[in-house]
Amino acid sequence: MISNEKNITIIGAGFTGLSSAYYLLKKGFHVEIFESAPFIGGQASTINLSGFEIERGYHHLFTGDTNIIDLMNDLGLQNTLKWHPSSVGIFDGEKLFSFQSPIDLIKFDKIPLFDRLRLGLITLFLKYKKKWKSLESFTASDWIRGRAGKNVYDQIWGPLLRGKFGDYSEEIGMPWFWGKIQTRFGSRKRFSQEVLGYPDGSFKIILDTLSKKIQSLGGVIYKNSPVKKIYFNDQKELKIKYIENNISQKTKNTNVVLSTVPSFEMLKICDFPDEYKVKLESSKYLGASVFIMELKESLTPYYWLNIADKNSPFLGVIEQSNLLSHNYYKNKHFLYLTNYLDRNDWRYKLEESELLNIYCDYLKKINVNFNKDWILDYTYNKISAAQPIIGKNYGEIIPEIITPLKGVFLANTTQIYPEDRGTNYSVKMSQKVVDLIDKHFRDLESL
Ligand SMILES: Cc1cc2nc3c(=O)[nH]c(=O)nc-3n(C[C@H](O)[C@H](O)[C@H](O)COP(=O)(O)OP(=O)(O)OC[C@H]3O[C@@H](n4cnc5c(N)ncnc54)[C@H](O)[C@@H]3O)c2cc1C
């Protein structure tokens, strides 16, 4: 183990942990990362399916994701990031609609023309609105119903919110929705098609390059090594207790702990004063339940399909191979079926084969030709802290990065607001946290 008086322990080797480590090492700090999983990357990690690296949960970047784009440039990966035209559809339980251009909106006869015009105008209003604080006390559902009308909510934006927040969609704060419009419309020029970024070689290429750079700068990454406790000993020294290689329990001293684990995990491994504890307890998450399939045929012509049918057992279909050129996956078809669920939801608990059968029945409604034989290979995974639930007045309950325990910092997805959490904002937050840690040491030196 490294010993130095500017020794920093990072818990979690997701994007926040890895990019923080990289920036801290560049500033001359000593860094060790402890990761409970056997792999790095957390929610943005990949698996190998049919010879291709593919994210456990579908991932892309927006043109406004400047923090991660800068990081990629810094890592020498500028040539790997490619921009692809996106394609979005809606399935209402009976029919597929294209939903990507103003022309599609005009053609969307599920709602009266007056409502379509209102939808267009409200979207423009949100796109050009730069101050979002006044939206804090509204839920997105109330705000949208009030301004754009019930039809727009029920047929278009309600399903989009449901696709992201499932049963909690009615509780989501308006700033989150405003942030979503900003990023999605920021990723297109005027009325042109949206473009989305994806690295050649998948997000793995960013993660692997970060990992190599961290190690070449003297950092160490311990996989399979969950941290069980952050505490102060009788001499008031900051320490962590961890299980090395999932085998032997160890302790170590550190000057600073930067934890990037979900709030519910942070509560388990560290004792905080009540006020901070309440904030951590208020951070609620949805889990993601995701099938990744290799199919014989393409299911729909869209990359992103929102399901606007309350009877659907899943919330979205993301056909990864429709985003990238057909050559990229050598004409193979990869698709995600996704749900954001409360971890007590029956679908989150159901046996994977039973869930697959239920999903397959519904896939036939989307494409009548689909049958189970189309599935050449698949994998199923669940991500427990996939989506923080961002309610109204959310700003008031966000736990601070500088915790009340001296030398203990927290940076996780619940602190990203009003933007939707994403790898770009993990990188952005890591830059902020690195400045705070730097200041922490400077303040100590000036005592
Ligand atoms: C389905 C889905 C789709 C997404 N789509 C996109 C997208 O299109 N674009 C985008 O930019 N972002 C997307 N995201 C979000 C993005 O993946 C996350 O915001 C980002 O990866 C979060 O990084 P993180 O490091 O903060 O957290 P995590 O990735 O959750 O990392 C935390 C790490 O801590 C580890 N850990 C937990 N407890 C302990 C412990 N006690 N000891 C040691 N280690 C521990 C975990 O194993 C994990 O590796 C998506 C996420 C999901 C789930």
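Owing to the predicted nature of the structure, the values given are computational and were not obtained by experimental measurement.

Enquirer: For this particular structure, what's the right way to read the site of the ligand?
Expert: Every one of the 29 residues lining the ligand counts as a neighbour, but Thr-16, Glu-35, Gln-43, His-59 and Thr-423 are closest to it. Ser-36 places a polar main-chain atom, nitrogen or oxygen, 3.1 Å from a nitrogen atom of the ligand. Within the backbone of Val-227, one N or O atom sits 3.0 Å away from a nitrogen atom of the ligand. In isolation the ligand offers 1,000 Å² of accessible surface; the protein chains occlude 92% of this area. If you list the elements that add at least two residues to the shell around the ligand, you get helix 1 (15-26), strand 18 (375-388) and helix 13 (423-445). Here the shell around the ligand is built from residues that sort into eleven nonpolar, 15 polar and three charged.

Enquirer: What exactly am I supposed to notice about the pattern of salt bridges here?
Expert: Opposite charge on two side chains makes pairing possible when the charged atoms of those side chains draw close. Per the stated rule, a full pass over the model turns up 20 salt bridges. With a shortest N-O distance of 2.5 Å, Lys-82 and Asp-200 are connected by a salt bridge. A residue pair is termed long-range when its members are at least 10 positions apart, and Lys-82 in strand 5 (residues 81-85) and Asp-200 in the loop between strand 8 (195-199) and helix 8 (204-216) qualify at 118 residues. Asp-420 is the salt-bridge partner of Arg-421, the closest N and O atoms lying 3.9 Å from each other.

Enquirer: Could you clarify how one ought to interpret the environment of Thr-9 in this entry?
Expert: By the element assignment, Thr-9 lies in strand 1 (residues 7-11). Taking the C-alpha atoms as reference points, Thr-9 and Asn-255, separated by 246 residues in sequence, lie 7.9 Å from one another. Once residues lying within four places of it in the same chain are set aside, the contact partners of Thr-9 are Glu-32, Phe-34, Ile-240, Lys-252, Thr-254, Val-256, Val-257 and Leu-258. A distance of 3.0 Å separates a polar atom in the side chain of Thr-9 from a polar atom in the side chain of Lys-252. Of the polar contacts made by the side chain of Thr-9, one reaches the side chain of Thr-254; its length is 2.9 Å.

Enquirer: Would you explain the domain arrangement of the chain in this entry?
Expert: Put simply, an interface is often sized by how much accessible area is lost when its parts join up. Split by domain assignment, the chain resolves into domain 1 (7-59 + 203-283 + 393-445) and domain 2 (101-192). Taking only C-alpha atoms into account, the centre of domain 1 sits 34 Å from that of domain 2. Counting residues at the interface gives eight residues for domain 1, matched by ten residues for domain 2. With both sides pooled, the region where domain 1 packs onto domain 2 buries about 720 Å², and carbon together with sulfur makes up 48% of that total. Counting across the interface, domain 1 meets domain 2 through two salt bridges. Taken together, domain 1 and domain 2 are joined by six residue pairs in polar contact (both at pLDDT 80 or more). Residue composition of the side of domain 1 that touches domain 2, by class: four nonpolar, two polar and two charged.

The rules behind the values
Residues numbered from 1 in each chain as written. Predicted model: local features only at pLDDT ≥ 70, side-chain atom pairs only at ≥ 80, totals over all residues. Heavy atoms only, no water. Near = heavy atom within 4 Å. Polar contact = N/O pair within 3.5 Å; in protein donor to acceptor, adjacent residues only side chain to side chain. Areas by Shrake-Rupley, 256 points an atom, 1.4 Å probe, with all protein chains shown as cover. Helix = DSSP H or I, 4+ residues; strand = E, 2+ residues; numbered from the N terminus. Nonpolar A, V, L, I, M, F, W, Y, C, P; charged D, E, K, R; others polar. Salt bridge = Lys/Arg side-chain N within 4 Å of Asp/Glu carboxyl O. Contact = heavy atoms within 4.5 Å. Domains from an automatic or database assignment. Buried area = accessible area lost by both parts, 1.4 Å probe.

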